[in-house]
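# A look at the structure
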Amino acid sequence: MGDTEDGSSDAAQSAPSETENSRTGFFGRIVGALSPTDAESEPPQNTQTVTNGVTPFVTPGMMNLRRMRVEDVMVPKAEIVSAPVDIEKDELVALFRESGLTRVPVFDGTLDTPIGLVHLKDLALNYGFNGQTGVKMPAFSLHKLLRPLLYAPPSMPIGVLLQKMQTDRIHMALVIDEYGGVDGLVTIEDLIEQVLGEIEDEHDLEEGALWIEEKPGCYLAEAKTPLDEFEAEIGIGLCGNDIDDEEVDTLGGLVFVLSGHVPARGEVIAHPAGPEIEVVDADPRRIKRLRVRVPSKPDD
């Protein structure tokens, strides 16, 4: 029962072939497995956490592929690091060095007229690594380095964009608004982090380390660093009269209280006690990493 006229079973006919699976890709099969029926039948989950009255963030998980939209994870336009098409090589190298990024969108005139992206690897392989001498390099031409960009509407499910990034092998997309202007930017890492959680690379802090002292008086710290432990490290009390220490437990929470908003990457917040806190890494919903510069003491 259930066999077709040629003797093959219904189950065998419905099973996808190896060719179809390889063409769809790993993320495509994941997205396909999360059908609308599955999403609707799954019981509600407590996916949000509120800390210090800040905008809640979604707990990483497979269901975010369908539940979350591109606009939920994109970097806002004001925070996009980009380069004009007429930028000089030294300026482009400095941009990569200061931002710590490996891909940067390139525009002609304004960011609303993007023409592609430039990859740090392409720059290094074509025009030499920093400090290389004795080798004659060709004349710099940014046009020759440009790679294509993807474009996505804000309402696109992140699972759909993730599958498209995998298929096209393009790991950066610009979010386009209804008028054709740039609204934000998304990378493949931003999307995968919504499923797997925070992804750290070689430039992140070692596993288990909450902060490191980059140089005397300058600390790179995770936003989740307990405030009392960090105060003991630097020898300065960070909870003053204007800050309720019962409401603030972490460095990230302290920055939220001092700034009064979700700070953007690169923003510097001055603490009344003297230290300067720079937001090194953040997304539209939370702070991830901070750099704290402690003023030197007079006897130092």
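Residues numbered from 1 in each chain as written. Predicted model: local features only at pLDDT ≥ 70, side-chain atom pairs only at ≥ 80, totals over all residues. Heavy atoms only, no water.

What counts, and what does not: UniProt positions are given in the numbering used here, feature names are shortened, and annotations may be inferred rather than shown by experiment.
The protein chain goes by Conjugation transfer protein in an unreviewed UniProt entry, where it is assigned to Aliiroseovarius zhejiangensis. Listed in UniProt under the heading Sequence similarities (unreviewed entry), the comment for the protein chain reads: "Belongs to the UPF0053 family. Hemolysin C subfamily."

### Observations concerning the sheet that holds strand S4 (residues 83-84)
What counts is decided by this rule: Any two strands with at least two DSSP bridges between them are considered paired. Helix and strand assignments follow DSSP, with helices taken as H or I runs no shorter than four residues and strands as E runs no shorter than two, numbered in order from the N terminus.
As summarised here, the arrangement of the 3 strands in space is S4-S5-S6, forming an open sheet in which the pairing is mixed. Bordering the open sheet on either side are S4 and strand S6 (110-119), each of which pairs with just one other strand. Relative to strand S5 (residues 103-108), S4 is paired through 2 bridges, and the arrangement is parallel. When the sheet's bridge partners are listed, Ala83 is paired in S5 with Val106.

### Structural notes on the pattern of salt bridges
Stated formally: The term salt bridge refers to a pairing of a side-chain nitrogen on Lys or Arg with a carboxyl oxygen on Asp or Glu at a separation within 4 Å. Buried, partly exposed and exposed residues are distinguished by accessible area as a fraction of the type maximum, computed with a 1.4 Å probe on protein chains only: under 20%, between the cut-offs, and over 50%, respectively.
Counted under the stated rule, the structure contains 8 salt bridges. Among the ionic pairs, Glu193 bridges to Lys288, the shortest N-O distance being 3.2 Å. Here the residue Glu193 occupies a position in helix H10 (residues 188-196), and Lys288 occupies one in strand S14 (residues 287-293), the gap between them amounting to 95 residues. On the accessibility criterion, Glu193 (5% relative accessible area) is buried. Between Arg289 and Glu222 there is a salt bridge, with its nearest N and O atoms 3.6 Å apart. On the criterion of sequence distance, the pair formed by Arg289 in strand S14 and Glu222 in strand S11 (residues 218-222) is long-range, its members being 67 residues apart. In this pair, the class of Arg289 matches that of Glu222, namely buried. Each of Glu214, Glu278, Arg291 and Arg293 takes part in a single network of salt bridges with overlapping partners.

### What about helix H7 (residues 89-99)?
We apply this condition: Think of it as the arc spanned by the lines of direction from the helix axis to the C-beta atoms. Throughout, a residue-residue contact means that at least one pair of heavy atoms, one from each residue, lies within 4.5 Å.
Along H7, the residues that are buried comprise Leu92, Leu95 and Phe96. Each buried residue of H7 sits inside an arc of 95° when the element is viewed along its axis, so together they form one side. Exposed residues on H7 whose side chains face more than 90 degrees from its buried face are Asp90, Arg97 and Glu98. Those residues of H7 hidden inside the fold are in contact with S4, S5, S6 and helix H8 (120-127). Just downstream of H7, Gly100 is the residue with a positive phi angle, here 75°.

### Observations regarding the packing of helix H9 (residues 158-168) against H10
The condition that has to hold: The axes used here are C-alpha line fits, helices contributing only the stretch in contact, and every angle between their N-to-C directions lies in the interval 0 to 180 degrees. By the definition adopted for this analysis, an angle is roughly parallel if under 35 degrees, roughly antiparallel if over 145, roughly perpendicular if from 65 to 115, and oblique otherwise. Each crossing gets its hand from how the near helix is turned against the far one by less than a right angle, where anticlockwise is left-handed and clockwise is right-handed. The residue classification treats Ala, Val, Leu, Ile, Met, Phe, Trp, Tyr, Cys and Pro as nonpolar and Asp, Glu, Lys and Arg as charged. All others, Gly included, are polar.
It is at 10 Å that the axes of H9 and H10 come closest, and there the two elements cross at 130°. Of the possible angle classes, the one that applies to H9 and H10 is oblique. You can see that H9 and H10 cross each other, and the crossing is left-handed. Contacts between H9 and H10 involve Ile158, Leu161, Leu162 and Met165 from the first element and Ile188, Leu191, Ile192 and Gln194 from the second. Partitioning the contact of H9 with H10 into residue classes produces 7 nonpolar, 1 polar and no charged.

### So, the pairing of strand S8 (residues 172-176)
Condition: Handedness of a crossover is defined as follows: orient the strands so they point away from the viewer, and if the path from the first strand over the helix to the second runs clockwise, the crossover is right-handed.
A large share of S8 lies buried, amounting to 5 of its 5 residues. Pairing between strand S7 (residues 150-152) and S8: 3 bridges, direction parallel. Bridging from a neighbouring strand, Leu150 pairs with Ala173 of S8. In this fold, S7 hands off to H9, which returns the chain to S8; that crossover is right-handed. Bridge count between S8 and strand S9 (residues 182-187): 5 bridges; the pairing is antiparallel. Looking across to S9, one finds that Ala173 is bridged to Val186.

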